[in-house]
Amino acid sequence: MKPPRPFSACLALTLSLALLAAPALALPQLRIDAPSEVDSLLGRHLALARALNDSLPPDAGQLEALRQDIDNDARSLLATEGYFSPRVRLDRQDEQWTLYVEPGPRTRIGKIALQIDGPGGEGPAGAERLRALREAWSLNQDAPFRQDDWDAAKRQALRAVQIDQYPTARWASTEARIDPDQQRAELLLTLASGPAFTLGPIQVHGLKRYPAEAVTRLAGFTQGTPYHQRWLLDYQAALQATPYFQLVRVEAELNPEQPWLSPVHVYVQEAPKQKISVGAGYGSDSGPRGSLGYQHHNVAGLGVLFASTLQLERDQQTLDASLTLPRDGDGYRDIAGVKLAHSEVQQLLLRQETVYASRLRARGDDEHGYGLTFTRERSTPDGGDTSRTQALVARYDWTRRRVDSLLNPQRGHMLAAQLVGASRYAGSDTDFLRAYARAIGFYPLDKQARVILRGEIGQVWAARANDVPIDWRFRTGGGGSVRGYAYQSLGPREAGAVTGGRVLALASAEYQHPVGPPGWRLALFADAGNASDRWQDWTPRLGLGAGLRWDSPIGPVGLDIARGQYTKQWQWNLSLGASF
């Protein structure tokens, strides 16, 4: 016979009140007495230590289970660091529990036997592959045996085979034989290479607006090329660098039953065919500025890019329009365009019309290009006569960027060089040759401090500087060159205007020290340089100053104030980004 409901409710209430009134379980304090090399490991990962620090403490049953398992738990953790014969003892004194640990001798790596089974281990190529794999094996004899290192070494070795011809390679067997008496770990590994793969036809998915050639011509491989992951990564990077796509994914179809001519699948998400951009800003050298840009990414349905930009600044105005062909499989990009420019800087009125054609190629850290540029200009110094010059120049440019970040470099270097030549027998007013080079290095110090060194040098060989167009002469001064002097205020003058010279040299050293919140630094710098018509007349102009740097999400922002030691005047500069 069931009790009436009122009785059941009263019984439940009574039990609940009794539980609430019961005294809470007194949790012990756990202290670990172990050498420093294993103390933090046990404190972080022992199940008992974690439970005692949990916001939901264990009950009496859970606490007892953890106590009973603490010996096995500690031994398992110590084994991952190579300690296979430890002594573990738990001492309980009321609410103070102490775990005493003597890890014992550490097991070290002894014999290493690494083999490759399958096609990847056959013949001279297989012997060379095995030799390279053994040389690159990251666990050396007599090194401490650690589980994390053992796992990482296996992943690294397998990866080295998978990225080069054998993407379906796997470990057939891996064993670490532990001899606790000799404190040695014998490593036995056999890698099954699987079949060698070659790359096959390209299959494009998601293409609607642009021609298939815009995708397929960028591949740096042909059908039958031995598989290497580098081919796929380079191909994906080349596609991502085009304006045609917002997202790109490249992957090979890896079927061990059909390794020859494996299809390469390219998945794309297309960008709009047309784009309009508007910009505004302010520069300490150029004053307020605005820009209007238009791009069409598929002219005549051929994947040709048309781009035009109108740039308006206080002292300079330019209109640039160009056509760019899609990149080819070797990474080359062909560009042709026209540019109109008007400027009035340092009492020099300059009007230019330029037609240019160039071929550019970017691979890894390096970029180089060559082409032809025809420039016709009219220059009028303030209060002087107008002169007209023209030149058809052949040029070669090379740039290397080896830095940890292109957006905000902290370490590394950037180098650039340019060679330009013109002849009066090929559309120019005079013969001249121009060489120019620049470099910048980032050297980190302790506590996020760093030193930045920068230098430039250049020379124009010509009978008369005035016969060389202004753009191919040298002027300097302002942000990014010699701070403490007005923009392009250093160089030979004519009728009060800075018209530029045939030689240039400058050097800069800057020390940055962290201040205030993370990402802020104080900068102290010294710049020295000048442009002149001859090296005999070259005299350095020194600028000294200080500034603030902020590592913003869109790149470094800098504010400088510097004093020109020659002019005895102060100049300030605002910069955004690490342009080079």
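Just above, that's the structure.
Throughout this description, residue numbers start from 1 for each chain and increase along the sequence as written. Local features in this predicted model are restricted to residues whose pLDDT is 70 or higher, and side-chain atom pairs enter the listing and the counts only when it is 80 or higher, whereas totals over whole chains, interfaces and linings include all residues. Side-chain calculation: all heavy atoms of the structure are included, whereas hydrogens and water are not.

1. Digging into the packing of helix 2 (residues 36-45) against helix 4 (residues 60-79)
- Relative orientation of the contacting elements helix 2 and helix 4 amounts to 130°, with a least axis distance of 10 Å. Classified by the angle between their axes, helix 2 and helix 4 sit oblique to one another. As helix 2 runs across helix 4, the sense of the crossing is right-handed. Facing helix 2, whose interface residues are Val38, Leu41, Leu42 and His45, helix 4 presents Asp73, Ala74, Leu77 and Leu78.
- Residues of the contact of helix 2 with helix 4, tallied by class, amount to six nonpolar, one polar and one charged. Whenever a helix is involved, its axis is fitted only over the stretch in contact; in every case the axis is a line through C-alpha atoms, and angles between N-to-C directions fall within 0 to 180 degrees. To qualify as a helix, a DSSP run of H or I must reach at least 4 residues; to qualify as a strand, a run of E must reach at least 2; elements of each kind are numbered from the N terminus. For this classification, under 35 degrees means roughly parallel, over 145 means roughly antiparallel, 65 to 115 means roughly perpendicular, and everything else is oblique. Helix crossings fall into two classes, left-handed where the near helix is turned counterclockwise from the far one by less than a right angle and right-handed where it is turned clockwise. Here a residue-residue contact requires only that any non-hydrogen atoms of the pair lie within 4.5 Å. Here the nonpolar group is Ala, Val, Leu, Ile, Met, Phe, Trp, Tyr, Cys and Pro; Asp, Glu, Lys and Arg are the charged ones; every other residue, Gly included, is treated as polar.

2. Regarding the packing of aromatic side chains
- Stacked, tilted and edge-to-face are the three classes assigned to paired rings of Phe, Tyr and Trp, where Trp is represented by its six-membered ring and a pair needs centres within 6.5 Å; plane angles under 30 degrees give stacked, over 60 edge-to-face, the rest tilted. One pass over the full model with this rule turns up eleven aromatic pairs.
- Aromatic pair tyrosine 294 and phenylalanine 306: ring centres 6.3 Å apart, planes at 55°, arrangement tilted. Taken together, the residues span a long stretch of sequence, with tyrosine 294 in strand 11 (residues 287-299) and phenylalanine 306 in strand 12 (residues 304-313) at a distance of twelve residues.
- Throughout, exposure labels follow a simple rule: accessible area from a 1.4 Å probe, protein chains only, divided by the maximum for the residue type, with under 20% read as buried, over 50% as exposed, and the rest as partly exposed. By relative accessible area, phenylalanine 306 is classed as partly exposed at 27%.

3. Focus: the side chain of threonine 225
- Position of threonine 225 relative to the elements: it lies in the loop between helix 7 (213-216) and helix 8 (229-240).
- A residue is classified by how much of its surface remains accessible, and threonine 225, at 15% relative accessible area, is buried.
- Pairs of N or O atoms are called polar contacts if they sit within 3.5 Å, as long as, within protein, a hydrogen donor faces a hydrogen acceptor (for residues adjacent in sequence, only side-chain-to-side-chain pairs). There is a polar contact of 2.8 Å between the side chain of threonine 225 and the backbone oxygen of threonine 222.
- Once you skip the residues sitting within four places of it in the chain, threonine 225 turns out to touch Thr198, Leu199 and Trp231.

4. Quick word on the side chain of glutamine 346
- Secondary-structure assignment places glutamine 346 in the loop between strand 14 (332-345) and strand 15 (348-363).
- Discounting residues that sit within four places of it in the chain, glutamine 346 has contacts with Ala486, Tyr487, Gln488, Ser489, Arg493, Gly496, Ala497 and Val498.

5. Concerning the nonpolar core
- Buried residues of nine kinds, namely Ala, Val, Leu, Ile, Met, Phe, Trp, Tyr and Cys, make up a nonpolar core once their side-chain atoms join them within 4.5 Å. Formed by 21 residues in total, the largest nonpolar core has its most connected members in Leu199, Leu232, Tyr235, Leu239, Phe245, Val250 and Val266.
- For this core, the secondary-structure elements that each account for two or more residues are helix 7, helix 8, strand 8 (245-252) and strand 9 (262-270).
- The residues touching phenylalanine 245, leaving out its near neighbours within four places in the chain, are Leu207, Tyr210, Val215, Leu239, Gln240, Val268, Gln269, Glu270 and Ala271.
- Counting 20 residues, the second-largest nonpolar core is a separate cluster that includes Leu114, Trp137, Leu158 and Leu189.

6. With respect to the environment of proline 492
- Position of proline 492 among the secondary structure elements: in the loop between strand 20 (450-462) and strand 21 (493-494).
- Residue classification places proline 492 among the partly exposed positions, given a relative accessible area of 22%.
- Remark: the alpha-carbon pair of proline 492 and tryptophan 538, spanning 46 residues in sequence, is separated by 9.9 Å.

7. Quick word on unusual backbone geometry
- Positioned with a positive phi, glutamine 183 is a non-glycine residue whose angle comes to about 55°.
- Tracing the chain through its elements places glutamine 183 in the loop between strand 5 (170-179) and strand 6 (184-192).
- Classification of glutamine 183 as partly exposed rests on a relative accessible area of 25%.
- Backbone geometry places lysine 568, a non-glycine residue, at a positive phi of 60°.
- Along the polypeptide, lysine 568 turns up in the loop between strand 26 (555-564) and strand 27 (569-576).
- Residue class for lysine 568 comes out exposed when judged on its relative accessible area of 53%.

8. Details of the pattern of salt bridges
- Any Lys or Arg side-chain nitrogen found within 4 Å of a carboxyl oxygen on Asp or Glu counts as a salt bridge. Enumeration according to the criterion identifies 32 salt bridges in this entry.
- Arginine 131 serves as the salt-bridge partner of glutamate 135, at 2.6 Å between the closest nitrogen and oxygen. Of this pair, glutamate 135 and arginine 131 both sit in helix 5 (residues 123-136), four residues apart, roughly one helical turn.
- Between glutamate 251 and arginine 249 there is a salt bridge; the shortest N-O distance is 3.3 Å.
- Taking the relative accessible area as the measure of exposure, glutamate 251 reaches 33% and is therefore partly exposed.

9. Points about the sheet that holds strand 4 (residues 108-117)
- Here, strands pair whenever DSSP counts at least two bridges between them. Taken together, the three strands give an open sheet; going across it, the order is 4-6-5, and neighbouring strands pair in mixed fashion. The open sheet has two edge strands, strand 4 and strand 5, and neither has a second partner. This sheet shows a mean twist of 10° between the axes of neighbouring strands, independent of strand direction.
- Relative to strand 6, strand 5 runs antiparallel, the two sharing nine bridges.

10. Description of helix 4
- Every helix has an expected span of 1.5 Å times one less than the residues it contains. For helix 4, which comprises 20 residues, the first-to-last C-alpha distance of 29 Å matches the rise-based estimate of 28 Å (1.5 Å per residue) to within 8%.
- Along its length, helix 4 reaches its greatest deviation from straightness, about 50°, at aspartate 69.
- Structurally, helix 4 contributes buried residues whose contacts are with helix 2, helix 3 (47-52), strand 2 (87-93) and strand 3 (96-102).
- Between a side-chain oxygen at the N-terminus of helix 4 and the backbone nitrogen of glycine 61 the separation is 3.2 Å; the capping residue is aspartate 59. The seven residues ending at a residue and the seven starting there each receive a fitted axis; the angle between those axes is the bend at that residue.

11. Overview of the pairing of strand 9
- With seven of nine residues buried, strand 9 lies mostly within the body of the structure.
- For strand 8 and strand 9, the ladder comprises seven bridges, and the chain directions are antiparallel. Bridge pairing in strand 9 links valine 250 to valine 266.

12. Some details on the pairing of strand 2
- Here strand 2 runs beside strand 3; their pairing, made up of seven bridges, is antiparallel. By the bridge assignment, glutamine 93 is partnered in strand 3 with glutamine 96.
- In this structure, the hairpin formed by strand 2 and strand 3 is closed by a connection of two residues, where aspartate 94 is found at a positive phi of approximately 55°.

13. As for the layout of surface pockets
- Of the grid points, spaced at 1 Å and generated over the protein atoms alone, those admitting a 1.4 Å probe that cannot get out make up cavities, while open sets with protein on both sides within 12 Å along at least five of seven lines make up pockets; any residue with an atom within 4 Å of a point is treated as lining. Grid points are joined across faces, edges and corners, and a volume is the space filled by probe spheres set on the points. The volume enclosed by the second largest pocket comes to roughly 620 Å³.
- Listed by contribution, the elements that provide at least two residues to the lining of the second largest pocket are helix 8, strand 15, strand 16 (366-381) and strand 17 (387-403).
- The greatest single-element share of the lining of the second largest pocket, amounting to seven residues, is contributed by helix 8.
- Here the residues of the lining of the second largest pocket sort into eleven nonpolar, four polar and eleven charged.

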